[in-house]
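Breakdown of the fold
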Amino acid sequence: MAAHVSVPAPSRRTAHHPSRALLAVPVVLGVAYGIYAAVIQRGGGALTGGQIVLGVVSGLVLMALGMGLLSIQSALPRELRAAAYGTLFGSGMGFLYSLAGHSVFRSSGIGAIFGGAMFLVSFYVFYTHED
């Protein structure tokens, strides 16, 4: 009696969809970033409409970039993924530093230092927690 042999169907690589809890992280960070940007620009004076707009826009931009990075991170190799997180973090910190009234050169340097540190930390995490 011959046994029936079934050939498994070729597996398609399914896209990784982040969970709702994971998507909440960019939202919370965007809100906190926007509030902090408005507070830095305020400088202890009265709150103006321009400062509110700055906070809302900067928070929305960070939130959108964070969600975009979360949606494509599984397709990136660990080196490029770490560089993307480092770039996002470094540019965000450099922008906040520039709001405090520092020069563009110094703000870029601070952003590069923070971005480099984030690159190293995230590369280590991605390298050690690889599937």
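See the structure shown above.
Think of each chain on its own: its residues are numbered from 1, step by step along the sequence as written. Only residues with pLDDT of at least 70 are given local features in this predicted model, and only at 80 or more are side-chain atom pairs given and counted; all residues enter the totals for whole chains, interfaces and linings. Only hydrogens and water are set aside when side-chain values are computed; all heavy atoms of the structure are taken into account.

With that settled, the discussion passes to helix 4 (residues 104-128). Counted at 1.5 Å a residue, the expected span for helix 4 with its 25 residues is 36 Å, and the 36 Å between its end C-alpha atoms agrees. Partly exposed residues are those whose accessible area sits between 20% and 50% of the maximum for their type, while under 20% is buried and over 50% is exposed, using a 1.4 Å probe and protein chains only. Secondary structure elements follow DSSP: runs of H or I of four or more residues count as helices, runs of E of two or more count as strands, with numbering from the N terminus. Those residues of helix 4 that sit buried are Ser-107, Gly-111, Gly-115, Ser-122 and Phe-126. A helix is expected to span 1.5 Å multiplied by its residue count minus one.

Pairing of aromatic side chains here covers Phe, Tyr and the six-membered ring of Trp, requires ring centres within 6.5 Å, and sorts the geometry by plane angle: under 30 degrees stacked, over 60 edge-to-face, intermediate tilted. Counting across every chain of the model gives four aromatic pairs. Both rings, one in Phe-89 and one in Phe-114, keep their centres 6.0 Å apart while their planes meet at 70°; by these two values the pair is edge-to-face. Residue Phe-89 is located in helix 3 (residues 78-99), and its partner Phe-114 is located in helix 4; the two are separated by 25 residues in the primary sequence. The class for Phe-89 is partly exposed, based on a relative accessible area of 30%. Judged by centre distance (5.9 Å) and plane angle (20°), the ring pair of Phe-123 and Tyr-127 falls under stacked. In this pair, Phe-123 and Tyr-127 both sit in helix 4, four residues apart, roughly one turn of the helix. Members of the aromatic cluster, joined through ring pairs, are Phe-119, Phe-123 and Tyr-127. Only when the NZ atom of a Lys or the CZ atom of an Arg is both within 6 Å of the ring centre and within 35 degrees of the ring normal do we say a charge sits over the ring. Residue placement shows Arg-81 over the ring face of Phe-126; its charged tip is 4.5 Å from the ring centre.

Salt bridges are identified by distance alone: a Lys or Arg side-chain nitrogen within 4 Å of an Asp or Glu carboxyl oxygen. All told, the structure shown has one salt bridge when counted by the stated rule. Across the pair Glu-79 and Arg-78 runs a salt bridge whose closest N-O atoms are separated by 3.8 Å.

For helix 3, which comprises 22 residues, the first-to-last C-alpha distance of 32 Å matches the rise-based estimate of 32 Å (1.5 Å per residue) to within 8%. Where helix 3 is concerned, the buried positions are Arg-81, Ala-82, Tyr-85, Gly-86, Leu-88, Gly-90, Gly-92, Gly-94, Leu-96 and Leu-99. Where helix 3 is buried, its residues touch helix 1 (20-42), helix 2 (49-72) and helix 4. Just past helix 3, the residue Gly-101 takes up positive phi, approximately 100°. Pairs of residues are marked as contacts when any of their non-hydrogen atoms sit within 4.5 Å.

Along the chain, Tyr-124 turns up in helix 4. Since its relative accessible area comes to 56%, Tyr-124 is described here as exposed. In this structure the C-alpha to C-alpha distance between Tyr-124 and Arg-78, which are 46 residues apart in sequence, comes to 9.3 Å.

Moving on: the packing of helix 3 against helix 4. Two numbers describe how helix 3 lies on helix 4: the axes approach to 7 Å, and their chain directions differ by 150°. As judged from the angle between their axes, helix 3 and helix 4 are roughly antiparallel. Relative to helix 4, helix 3 is oriented so that their crossing is right-handed. For this scheme, ten residues count as nonpolar: Ala, Val, Leu, Ile, Met, Phe, Trp, Tyr, Cys and Pro. Four count as charged, namely Asp, Glu, Lys and Arg, and the remainder, Gly too, count as polar. Class assignment of the residues belonging to the contact of helix 3 with helix 4 gives a composition of 13 nonpolar, eight polar and four charged. Here an axis means a line fitted to C-alpha atoms, over the contact stretch when the element is a helix, while the angle between two N-to-C directions is reported on a 0 to 180 degree scale. By the definition adopted for this analysis, an angle is roughly parallel if under 35 degrees, roughly antiparallel if over 145, roughly perpendicular if from 65 to 115, and oblique otherwise. Helix crossings fall into two classes, left-handed where the near helix is turned counterclockwise from the far one by less than a right angle and right-handed where it is turned clockwise.

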